[in-house]
Amino acid sequence: MKKIRALIVDDSSVMRKIVERSIRQAGIDLAEVREAANGAEGLGALKDQGVDLILCDINMPVMDGLEFLRQLHTVENAKGVPVVMITTEGSESHVVQALSIGARGYIRKPFTPEQVKEHVVPLLENVK
Amino acid sequence: MKTANEITASDKVPESWMPLLELAAREVFEIMLGCKLEVQTAAGPVPGDFTAMVGLAGQLCGLLTLRCSANSAALMASKMLGTDVKEADPQMWDAVGEIANMIAGNFKNKLTGMGDRCLLSVPTVITGSDYSFRSMADTGPLEVALVFEGAPISVAVEVHS
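About the thresholds
Residues numbered from 1 in each chain as written. Chains lettered and ligands numbered in written order. Predicted model: local features only at pLDDT ≥ 70, side-chain atom pairs only at ≥ 80, totals over all residues. Helix = DSSP H or I, 4+ residues; strand = E, 2+ residues; numbered from the N terminus. Buried ≥ 20, exposed ≤ 12 C-beta atoms within 10 Å, placed from the backbone. Contact = placed C-beta atoms within 7 Å. Rg over C-alpha atoms; globule rule 2.2 N^0.38 Å. Pairing = 2+ DSSP bridges. Axes fitted to C-alpha atoms, helices over the stretch in contact; angles between N-to-C directions. Nonpolar A, V, L, I, M, F, W, Y, C, P; charged D, E, K, R; others polar. pLDDT = per-residue confidence, 0-100. Core = buried A, V, L, I, M, F, W, Y, C linked by C-beta atoms within 7 Å.

With that settled, the discussion passes to the overall build of chain B. If you tally the helices and strands in chain B, you get five helices and seven strands. Along chain B, helices (α) and strands (β) appear in the sequence α-α-β-β-β-α-α-α-β-β-β-β when read from the amino end. Looking at chain B as a whole, 43% of its 161 residues qualify as buried. Contacts spanning at least 24 positions in sequence make up 67% of the contacts within chain B whose residues lie at least 6 apart.

Counting its regular elements, chain A contains five helices and five strands. The N-to-C order of helical and strand elements in chain A reads β-α-β-α-β-α-β-α-β-α. On C-alpha atoms alone, chain A measures out to a radius of gyration of 13 Å, which is about the 14 Å that the 2.2 N^0.38 rule sets for 128 residues. For chain A, the spread of C-alpha atoms along the principal axes amounts to about 30 × 30 × 25 Å.

Right, let's talk about the pairing of strand β2 (residues 50-58) of chain B for a bit. All names here are of chain B. The pairing of β2 with strand β3 (residues 62-68) spans seven bridges and is classified as antiparallel. For Gly55, the partnering residue across the bridge sits in β3 and is Leu63. Between the antiparallel neighbours β2 and β3 lie three residues. The sheet contact formed by β2 and strand β5 (residues 124-127) spans four bridges and is antiparallel.

Residue and element names in this part refer to chain A. Strand order across the open sheet formed by five strands is β2-β1-β3-β4-β5, with parallel pairing between neighbours. The open sheet has two free edges, formed respectively by β2 (30-36) and β5 (105-108), since each of these has just one partner strand. Across the sheet, the axes of successive neighbouring strands diverge by a mean angle of 20°, strand direction being ignored. For strand β1 (residues 4-9) and β2, the ladder comprises six bridges, and the chain directions are parallel. In the strand pairing of β2, Ile4 is matched with Leu30. Where helix α3 (residues 65-72) meets the sheet, it contacts β1, β3 (53-56) and β4 (83-87), and its direction lies at approximately 170° from that of β4.

Looking now at unusual backbone geometry. A cis amide bond links Lys109 of chain A with the next residue in sequence, Pro110 of chain A, at an omega value of 0°. Residue position: Pro110 of chain A is located in the loop between β5 and α5 (113-120). Residues other than glycine seldom take positive phi values, yet Val62 of chain A does so here, at roughly 70°. The backbone of Glu149 of chain B shows a phi angle near 50°, a positive value even though the residue is not glycine. As for its placement among the helices and strands, Glu149 of chain B is situated in the loop between β6 (142-148) and β7 (151-159). Classification of Glu149 of chain B as partly exposed rests on a count of 16 C-beta atoms within 10 Å.

It is worth spelling out the interface of chain A and chain B at this point. Of the residues lining the interface, 20 residues belong to chain A; the matching set on chain B comes to 22 residues. Classifying every residue of the side of chain A that touches chain B by side-chain character gives six nonpolar, eight polar and six charged.

This paragraph deals with the confidence of the model for chain B. Averaged over all residues, the pLDDT of chain B equals 86, while 88% of them reach at least 70. The complex model carries a pTM of 0.89, and its ipTM stands at 0.88.

This part takes up the environment of Asn126 of chain A. With respect to the element layout, Asn126 of chain A can be found in the segment after α5. Distance in space between the C-alpha atoms of Asn126 of chain A and Arg104 of chain A is 14 Å, their sequence separation being 22 residues.

This brings us to the nonpolar core. Residue and element names in this part refer to chain B. In this structure, Leu21, Ala25, Val96, Ile99, Ala100 and Ile103 are the most contacted members of the largest nonpolar core, which totals 82 residues. With nine residues, helix α5 (residues 92-110) is the largest single contributor of residues to this core. Setting aside residues up to four positions removed in sequence, Ala100 forms contacts with Ala52, Met53, Val54, Leu64, Leu66 and Pro123.

In structure tokens form, the structure reads like this:
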């Protein structure tokens, strides 16, 4: 697997660090990590250059994770990039909604690095 | 165990929710901080230097709070980030808010049928102990007194009936 460029979208800076650490613990080699505190910042972070993986919270101020997902298809650099939701909102309807609008995976907080590995690694197998 | 429908006919948070609240807190601390919480054996005041609050809205409507001392808040941030306490100090607010958020989410997901019918607010964190707040909840609080690395902490939930 090549080195991965990741975007982590979460309003908690502590959680962004934990997600980054969990990705590294999953054995994923990170070339670059971009951080955003809400969906609007996340869309902005993709404007100039794409990434290989996006991990996104749902409950965030300004623009939540579901709206971010809805608007992601308008960003040319985000086409085909797998998005995994990492959130406390673990209800079935949230999972179904997120998956129906483009998320490829869903991890409930609290989470272990093993769960990150299980959900994320398979999505990166085709990254060249 | 009472469901969300049953609580609307009650003036108290069901006692049967206590073990679920405790379990929700324990899981968050074990998974995200790598430490076990103990039950507080001797009743005593919990320092309220930091109070994180997460609103519950929908069929289950109310407030979840996490209270702890400033030292405990710094230690929580340190354990979450895997850094020393001094380095983690500026992240205390964020860490305590995120822990409260995860406990609230974990708790509501353990209540039968509540996952889809209750939404969480983003967390708010108050610092300092010279304050009072009044929740609009009309049930008494269900409070779990726990010990985090030798220091008392409190997790409580109050709901509108």
